[in-house]
Structure formats: structure tokens, C-alpha cells
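Next come the chains, spelled out residue by residue.
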Amino acid sequence: MTDLEVHQLPVLSDNYVYLVRDPRTEACAAVDPAVAEPVLQALDRLGWKLTHIFCTHHHSDHIGGNLEVKQATGCTIVGAGADAGRIPGIDVEVGNGDHVELGDKKARVFEVPGHTSGHVAYWFEDSQALFCGDTLFSLGCGRLFEGSAEQMWESLSRLRGLPGETRVFCAHEYTNSNADFALSIDPDNPALKKRADEVLALREAGKPSVPSTLADEWAANPFLRADAPDLQRAAGMEGRDAVEVFTEIRRRKDRF
Ligand code: ZN
Ligand code: FE
């Protein structure tokens, strides 16, 4: 099977829009088109014709380009049914466990509340690609604007359960500052130190630090490790409940 093509488009100050294409059928989706013009220009440059928009959540730095891109391309907009009222131009409402088709490729939808109440992620299992918006970042996670820490921990735990080779296409380039915070919690974690060095080198060379893999995140992202004994020890919360530890780490990050 031909593989899914992913074009990573940096927009605004630190957002990524992903153009995702099934080369056989030429079906093509924009994940979280924050702004229209750069997306339309990139499509032009690549010679790709947009058929879909996949929305992860309702924030303006994700859906800002929806209507203009839809008007220009006639694409179909897919988003969370639970948040239909906040996703401009939504045509197809999806929820937990649904599959969305992109030509021959299929993505499974996960409801991952926490950052917003209606946040969803799209997982292309066969292509080992996860589009997780502002739920999971490299070395971090999204702020809790509409959900509880318990919900976010559950959402992250669900994503954590996917295969380690899964590429994590998150929606922001926050990795460097996330690394600084992660090191403040877990300073002796060798995987984290290595990843922080790699990320710094990538950013200094003008390259994205995204995608990482889930295996990278398992080893180094403190928000996926709230139940790991060594992380708990480093955070001074040995033997505590994972949700409690997650809540405390998230609170420290908000004040960092
Ligand atoms: Zn957001
Ligand atoms: Fe965002």
C-alpha cells in the first residue's frame, strides 16, 4: 500500500497545519487550518486538491481558516459532533471510535477531552500517524481550558496506549519550552536529557521538533509518566495516585 503523505506547514507564531494525502486516490485533508491563505498557497505549490478538513477542536488557531478554505476548495469539514456548534462549516460529525475515510486511508477518531470538552484526535493506524491537536505535545500537553485533570489524564492515557512507532503530529512547536519545564520536574531522566539536546539542535538548525514518536514521549514526557515510579520520586510524590500527580505537574507547568 502506498503511504500517507504528510506536509507540515508552520503558520502563525508556532502552529502546525498538516496537509495529509492518500497518493493513490489523491484525497487530501488539511488538519486544523488555522489560516486560509498559507494553506491554499501550499496546496497550489504541491499540486494537491483538498477534499477534507479534519478539525481537532474549536480554538481559533485551529479552525480560523475553515470557511475560507471550504469556499475556495469545496472540501468537506469533519469535526466532533459534541462540538458541532463551535466548528465553523462542519459537514460530518464524528465521535469516539468512528472512522473517517481519506481515499483508501482510514483514521480512527478518539474523543480526548481536557484542553477543550469536544477535542478529538485522528489516528491513521496503518500509517502510524496521530493528529492530536492540543491534547498531547512533544514533552508536554495542552492546558486545561474546559476539562478536568482527570479527563486529560484519561485522554493522554488512551493516546499513550497506541503503538510506540506512532508519529505524534501535534499542533504546536512548543517542544523547547516544554523541555525546560520537563527538566525542572525530572532532571535526571536520561531520555529526557537526550531529547532536550536533540530538540535544541533541531530548532537551532531551523528544523521542526515535531513529529516525535509515542515511544519518545513515553520515555521523556512527564505528562505521560504521572504513574511512573521514577517520575513520582523526582516530583516528590512517590506512591501517589496518577491523577493527583498529573494534576500537580499540570499546576506547576501553569506557573512555570
Ligand atoms: Zn487549542
Ligand atoms: Fe492551539
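Residues numbered from 1 in each chain as written. Chains lettered and ligands numbered in written order. Predicted model: local features only at pLDDT ≥ 70, side-chain atom pairs only at ≥ 80, totals over all residues. Heavy atoms only, no water.

## Remarks on the coordination of the iron ion (ligand 2)
Point 1. Around the iron ion (ligand 2), the protein supplies Asp61 (OD), His62 (NE2), Asp134 (OD) and His172 (NE2) as donor atoms, at distances of 2.1 to 2.4 Å.
Point 2. Around the iron ion (ligand 2), the four donor atoms sit at angles spanning 83 to 170°, and that spread fits a shape best called irregular.
Point 3. Sequence spacing among the residues donating to the iron ion (ligand 2) works out to D-H-x71-D-x37-H.
Point 4. Separating the iron ion (ligand 2) from the zinc ion (ligand 1) is a gap of 3.1 Å, bridged by Asp134, which donates to each. Taken together, the residues span a long stretch of sequence, with Asp61 in helix H2 (residues 60-63) and Asp134 in the loop between strand E10 (129-133) and strand E11 (136-137) at a distance of 73 residues. (Donors = N, O, S within 2.8 Å, 3.2 Å for Na, K, Ca; no water. Tetrahedral: all angles 85-135°; square planar, octahedral: opposite > 155°, others 65-115°. Helix = DSSP H or I, 4+ residues; strand = E, 2+ residues; numbered from the N terminus.)

## Some remarks on the environment of Leu139
Point 1. By secondary structure assignment, the location of Leu139 is in the loop between E11 and strand E12 (140-141).
Point 2. In this structure, the C-alpha to C-alpha distance between Leu139 and Ala179, residues 40 residues apart in sequence, is 6.0 Å.
Point 3. In this structure Leu139 touches Thr175, Asn178, Ala179, Ala182, Leu192, Arg195, Glu217, Ala220, Asn221, Pro222 and Phe223, once residues within four positions along its chain are discounted. (Contact = heavy atoms within 4.5 Å.)

## Considerations on the environment of Ala80
Point 1. Here Ala80 lies in strand E5 (residues 76-80).
Point 2. Given the relative accessible area of 3%, Ala80 is considered buried.
Point 3. Taking the C-alpha atoms as reference, Ala80 lies 8.1 Å from Glu111; in sequence the two are 31 residues apart.
Point 4. Sequence-distant contacts of Ala80, defined by excluding residues within four places in its chain, comprise Ile90, Val94, Gly118 and Val120. (Buried < 20%, exposed > 50% of the residue type's maximum accessible area, 1.4 Å probe, protein only.)

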